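Observations on chain architecture
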Amino acid sequence: MNGAAAIAARAGLVSCEACRLLVRPAAPSVPGRCPRCGEELEFRRRDVIQRTWAFAIAAAICYLPANILPVMTTTSLTYKEPDTILSGVILLYKTGSWHLALVVLIASVMIPLAKLAALAYLLITVQRGSVRNSRDRARLYRLLEIVGRWSMLDVFVVTYTVALIQFHPLLSIAPGPGVLFFAAVVILTIFAAESFDPRMIWDSDKGEPTRNG
Amino acid sequence: MRMRALSAGIVACPDCDLLQRIPSLSPGGTARCPRCGRKVAANRPGSLDRTLALAVAAAIAFLVANAEPMMTLSVSGLESTTTILGGVVEMWLQGEWITSVLVALFAVVAPALDIGFMLAVLLAARRPPAPRWVGTLLRWTEVSGLWSMVEVMMLGILVALVKIADLARVEPGIGIFSAAALVVLMTAMSVRFDPAEVWSRVRWANGEGPQASPESAGGAEAGP
């Protein structure tokens, strides 16, 4: 990387977020629309910090009921047992498939938490104008975008377990209210990651090589 | 208001806004941003044709996966079978309406739209200049792709089956193999697809383009 990095926004250029066309708007205060695809041009997305925080906080709030409320209830002739996400993981572990228990634990419990922590870290470092570890933070953001969707795993597990186990009155499984909160956590963290503007990670960097801070 | 588009060889990195000139890439090569490491360009020979073939195959796999039962379960003489939509219907019947709609969206609607948009974009972009709605659809594929979660559903079904395996005998159906094929095809489709190639063919909103762009000179248009 060369020291004098040329940044589009500082050069009065804006890259269309929809079609990636590089445009020089006539007036920087009103960038107008992309001549190719018609999308509204913006040097940086508006209200990024507030929006991303709002989605992340909403997701954090939903994370509690998602883990406390049962995601499904098993009813048989002799018993009725509600299961939360964690007790489902324990059940998987006890029945011998520890590797699948690990997959569910990572996808359902750890990824949403790690995602919230990562979003908070990215937001705080951007707000404080940090120039350290920018490359790692950029990588972290790309990881967030890829990994986030896998948290939806448990919603599908519940859906297809419920769809298959309907042997009334012998054995049946009903979905619990935790599923909805869980889906909400995943959707809100996806919205949070999408509303963030990764270019802001680099905006405090004034051009000197700061690869490793 | 006058505004100028710059030479197509120069781009700003979508992730860090660094201006850079895209070098001429060998077939199959990719260019990464020197500052943040994000992929900024790729030369995928025959991208449009290959993606189209994959999209057609994905459409077929999607139809079969949704029409055929995924598996049959038997517990002491009782049988139960389900399809992809069967899960949606059962959740609805159990009173989890919102979750039911979400599952329908992620497992059926978004993948269907993704494949549909892709087919329309690829067919319309074959003969440039492509009409403007191609660009609109192309932007919609970003949204449909974000919410299309066939691969997550597939893993979810697998976990559900392992959970159930102790309770009942499970027999896989054609649907589950088609769904597995769908996962592979949709992944290949998104890896193969080069949106820049389509954008270079779309008629511009201001009527000026498309112009001959250097990024498509790397052989991407050299299909038979």
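As the structure is a prediction and not an experimental result, all values here were calculated from the model. (Residues numbered from 1 in each chain as written. Chains lettered and ligands numbered in written order. Predicted model: local features only at pLDDT ≥ 70, side-chain atom pairs only at ≥ 80, totals over all residues.)

1. Focus on the overall build of chain A
Helix and strand counts for chain A stand at six helices and six strands. Written out in order from the N terminus, the α and β elements of chain A read β-β-α-β-β-α-α-α-α-β-β-α. A compact globule built from 213 residues should have a C-alpha radius of gyration of about 17 Å, whereas chain A, at 23 Å, is more than 25% larger. With the C-alpha coordinates of chain A rotated into their principal frame, the extents come out at 75 × 40 × 25 Å. Out of the 213 residues in chain A, the part that is buried amounts to 43%. (Helix = DSSP H or I, 4+ residues; strand = E, 2+ residues; numbered from the N terminus. Rg over C-alpha atoms; globule rule 2.2 N^0.38 Å. Buried ≥ 20, exposed ≤ 12 C-beta atoms within 10 Å, placed from the backbone.)

2. Focus on the overall build of chain B
Secondary structure summary: chain B contains seven helices and eight strands in total. The C-alpha radius of gyration of chain B comes to 22 Å, more than 25% above the 17 Å expected for a compact globule of 224 residues. Summarising its shape, the C-alpha atoms of chain B cover approximately 70 × 35 × 35 Å along the three principal directions. Sorting the 224 residues of chain B into buried and exposed places 44% on the buried side. Contacts spanning at least 24 positions in sequence make up 62% of the contacts within chain B whose residues lie at least 6 apart. (Contact = placed C-beta atoms within 7 Å.)

3. Things to note about the sheet that holds strand β7 (residues 78-82) of chain B
Paired through their backbone hydrogen bonds, the strands of a sheet run either parallel or antiparallel. Residues and elements named next belong to chain B. With antiparallel pairing, the three strands of this open sheet are ordered in space as β7-β6-β8. Only two strands of the sheet have a single partner each, and these edge strands are β7 and β8 (169-172). Direction aside, the axes of adjacent strands within the sheet are offset by 20° on average. Two elements, strand β6 (residues 71-75) and β7, share five bridges in a ladder whose sense is antiparallel. Note that in β7 the partner of M71 across the bridge is T82. (Pairing = 2+ DSSP bridges. Axes fitted to C-alpha atoms, helices over the stretch in contact; angles between N-to-C directions.)

4. As for the nonpolar core
If you look at the biggest cluster of nonpolar residues, it comprises 128 residues, and the most contacted ones within it are F156, F182 and V185 of chain A together with A58 and L182 of chain B. No other element matches the 13 residues that helix α6 (residues 178-195) of chain A contributes to this core. If sequence neighbours within four positions are ignored, L182 of chain B has contacts with A58, A61, F62, A65 and V150 of chain B. (Core = buried A, V, L, I, M, F, W, Y, C linked by C-beta atoms within 7 Å.)

5. Digging into the confidence of the model for chain A
The pLDDT averaged across chain A works out to 88; a share of 94% of its residues lies at or above 70. Across residues 209-213 of chain A, where pLDDT falls below 50, the model places nine contacts with residues more than four positions away in sequence or in other chains. (pLDDT = per-residue confidence, 0-100.)

6. What about the domain arrangement of chain A?
Looking at chain A, the domain boundaries give domain 1 (1-43) and domain 2 (47-201). Each of domain 1 of chain A and domain 2 of chain A has a C-alpha centre, and the two are 35 Å apart. (Domains from an automatic or database assignment.)

7. Topic: the domain arrangement of chain B
You can read the domains of chain B as domain 1 (1-42) and domain 2 (44-204). If you average the C-alpha positions of domain 1 of chain B and of domain 2 of chain B, the two centres end up 31 Å apart.

8. Description of the packing of helix α1 (residues 48-68) of chain A against helix α3 (residues 98-127) of chain A
All names here are of chain A. Relative to each other, α1 and α3 sit at 155°, their axes nearing to 10 Å. Taken together, the axis directions place α1 and α3 in an arrangement best described as roughly antiparallel. For the pair α1 and α3, the crossing hand works out as left-handed. For the pair formed by α1 and α3, the contact residues are I49, T52, W53, A56, A59, A60 and Y63 on the first element and P112, L116, L119, A120, L123, V126 and Q127 on the second. A per-class count over the contact of α1 with α3 returns twelve nonpolar, two polar and no charged. (Parallel < 35°, antiparallel > 145°, perpendicular 65-115°, else oblique. Left-handed = near helix turned anticlockwise from the far one by under 90°. Nonpolar A, V, L, I, M, F, W, Y, C, P; charged D, E, K, R; others polar.)

9. A closer look at the interface of chain A and chain B
Counting from both sides, the interface comprises 61 residues of chain A and, opposite them, 57 residues of chain B. Sorting the residues of the side of chain A that touches chain B by element identifies β2 (22-24), α3, α4 (134-147), α5 (153-164), β5 (166-167), β6 (171-175) and α6 of chain A as the ones contributing at least two each. The element best represented in the side of chain A that touches chain B is α5 of chain A, accounting for ten residues.

10. So, the environment of D15 of chain B
Position of D15 of chain B among the secondary structure elements: in the loop between β2 (10-12) and β3 (19-21). C-alpha separation for the pair D15 of chain B and A188 of chain B, spaced 173 residues apart in sequence, amounts to 24 Å. For D15 of chain B, the contacting residues outside a window of four places in its chain are A138, P198 and R199 of chain A together with C33, C36 and R38 of chain B.

11. A few points about helix α6 (residues 174-192) of chain B
Residues and elements named next belong to chain B. Taking 1.5 Å per residue, 19 residues should reach 27 Å; α6 reaches 27 Å between its end C-alpha atoms and fits that length. Restricting attention to buried positions, one finds in α6 the residues G175, I176, S178, A179, L182, V183, L185, M186 and M189. The inward-facing, buried residues of α6 abut α1 (47-67), β6, α2 (84-93), α3 (97-124), α5 (150-164) and β8. (Expected span 1.5 Å × (residues − 1).)

12. Quick look at the packing of α3 of chain A against α4 of chain A
All names here are of chain A. For the pair α3 and α4, interaxial distance at closest approach is 10 Å and the crossing angle is 145°. The handedness of the crossing between α3 and α4 is left-handed. Contacts between α3 and α4 involve I111, K115, A118, L122 and T125 from the former and R137, L140, Y141, L144 and V147 from the latter. In terms of residue class, the contact of α3 with α4 is built from seven nonpolar, one polar and two charged.

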